[in-house]
Amino acid sequence: MQTTDIERDVREFVIQHFLSGDAGKLRADGSLLGDVIDSMGVITLVAYVQEHFGITVKDDEVLPSNLDTIANLAAFVERKIGA
């Protein structure tokens, strides 16, 4: 799976589950954490990523650097898939 496919899937999930389908509220490189997703939402997002992409996200990997933007999250998932 390529980064663009991962980004598309994650973007669609975030828009549907956290923005009530309003894609206009999601900025290209805007922060997800705090602005779009609260602490409980992080749990939902991590569960989705694990199930959808078949990866395991360890507790010490739940960091802003991995989850802060769609691009960072896609890069993180791609690294996990390739590992």
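Reading the values: the criteria
Residue positions are counted from 1 within each chain, in the order its sequence is given. For a predicted model such as this one, the threshold for reporting local features is a pLDDT of at least 70, and the threshold for listing and counting side-chain atom pairs is 80 or more; totals across whole chains, interfaces and linings nevertheless cover every residue. Note that the side-chain values use all heavy atoms of the structure and ignore hydrogens as well as water. Helix and strand assignments follow DSSP, with helices taken as H or I runs no shorter than four residues and strands as E runs no shorter than two, numbered in order from the N terminus. Multiplying 1.5 Å by the residue count of a helix minus one yields the expected span of that helix. Whether a residue is buried, partly exposed or exposed follows from its accessible area with a 1.4 Å probe, protein chains only, as a fraction of its type maximum: under 20%, in between, or over 50%, in that order. Note that the arc is computed from the directions linking the helix axis to the C-beta atoms. Residue contacts are counted whenever heavy atoms from the two residues lie within 4.5 Å of one another. For the purposes of these results, a polar contact is taken to be a pair of N or O atoms within 3.5 Å, where, inside protein, one atom must be able to donate a hydrogen and its partner to accept one; residues adjacent in sequence count only when each atom of the pair is a side-chain atom. Residue types Ala, Val, Leu, Ile, Met, Phe, Trp, Tyr and Cys, when buried and joined through side-chain atoms within 4.5 Å, form a set referred to as a nonpolar core. The criterion for an aromatic pair is that two Phe, Tyr or Trp rings (for Trp, the six-membered ring) have centres within 6.5 Å, with stacked assigned to planes under 30 degrees apart, edge-to-face to planes over 60 apart and tilted to the rest. Note on method: axes are straight lines fitted to C-alpha atoms, helices fitted across the in-contact stretch only, with angles between N-to-C directions ranging 0 to 180 degrees. In what follows, roughly perpendicular refers to angles from 65 to 115 degrees, roughly parallel to angles under 35, roughly antiparallel to angles over 145, and oblique to any angle outside these ranges. Whether a crossing is left-handed or right-handed is set by the direction in which the near helix is turned from the far one by less than a right angle, anticlockwise for left-handed and clockwise for right-handed. Under the scheme applied, nonpolar residues are Ala, Val, Leu, Ile, Met, Phe, Trp, Tyr, Cys and Pro; charged residues are Asp, Glu, Lys and Arg; polar residues are all the others, including Gly.

K.L.:
Mind showing me how you'd approach helix 2 (residues 39–53) here?
P.N.:
Turn by turn, an α-helix covers 3.6 residues, leaving residues three or four places apart pointing in a common direction. Over its 15 residues, helix 2 extends 21 Å from the first C-alpha to the last, a length consistent with the 21 Å expected when each residue adds 1.5 Å. Among all positions of helix 2, only Gly41, Val42, Leu45, Val46, Tyr48, Val49 and Phe53 are buried. Mapping the buried residues of helix 2 onto a view down its axis gives an arc of 160 degrees, with all of them on the same face. Away from its buried face by more than 90 degrees, helix 2 exposes Met40, Ile43 and Glu51. Along its buried surface, helix 2 packs onto helix 1 (3–18), helix 3 (64–67) and helix 4 (70–82). The N-capping residue of helix 2, defined by a side-chain oxygen 3.2 Å from the backbone nitrogen of Met40, is Asp38. Following helix 2 by one or two positions, Gly54 adopts a phi angle in the positive range, close to 65 degrees.

K.L.:
Teacher, can you tell me more about the nonpolar core here?
P.N.:
What tends to happen in soluble globular proteins is that the nonpolar side chains get buried as a cluster. Val10, Val14, Leu26, Val49, Phe53 and Leu73 are the most contacted members of the largest nonpolar core, which totals 24 residues. Top element by residues in this core is helix 2. It accounts for 6 residues.

K.L.:
How should I be thinking about the packing of aromatic side chains in this particular structure?
P.N.:
Aromatic ring pairs: the centre-centre distance and the angle between the two ring planes describe each pair. This model, assessed by the stated rule, comprises 3 aromatic pairs. Between Phe13 and Tyr48, the ring centres sit 3.9 Å apart and the planes meet at 10 degrees, which makes this aromatic pair stacked. Of the two residues, Phe13 sits in helix 1 while Tyr48 sits in helix 2, which places them 35 residues apart along the sequence. Classification of Phe13 as buried rests on a relative accessible area of 10%.

K.L.:
Would you mind going over the side chain of Asn66 with me for this structure?
P.N.:
By secondary structure assignment, the location of Asn66 is in helix 3. A relative accessible area of 8% places Asn66 in the buried class. Ignoring anything within four residues of it in the chain, the contact list for Asn66 reads Glu61, Asn72, Leu73, Phe76 and Arg79.

K.L.:
Is there a simple way to think about the packing of helix 1 against helix 2 in this case?
P.N.:
For any two helices packed against each other, the geometry comes down to the angle between their axes and how far apart the axes lie. Where helix 1 contacts helix 2, the axes come no closer than 11 Å and their chain directions differ by 140 degrees. Classified by the interaxial angle, the pair formed by helix 1 and helix 2 is oblique. Relative to helix 2, the crossing made by helix 1 is right-handed. Along the contact surface, helix 1 presents Ile6, Asp9, Val10, Phe13, Val14 and Phe18, while helix 2 presents Gly41, Thr44, Leu45, Tyr48, His52 and Phe53. Looking at the contact of helix 1 with helix 2, its residues break down into 8 nonpolar, 3 polar and 1 charged.

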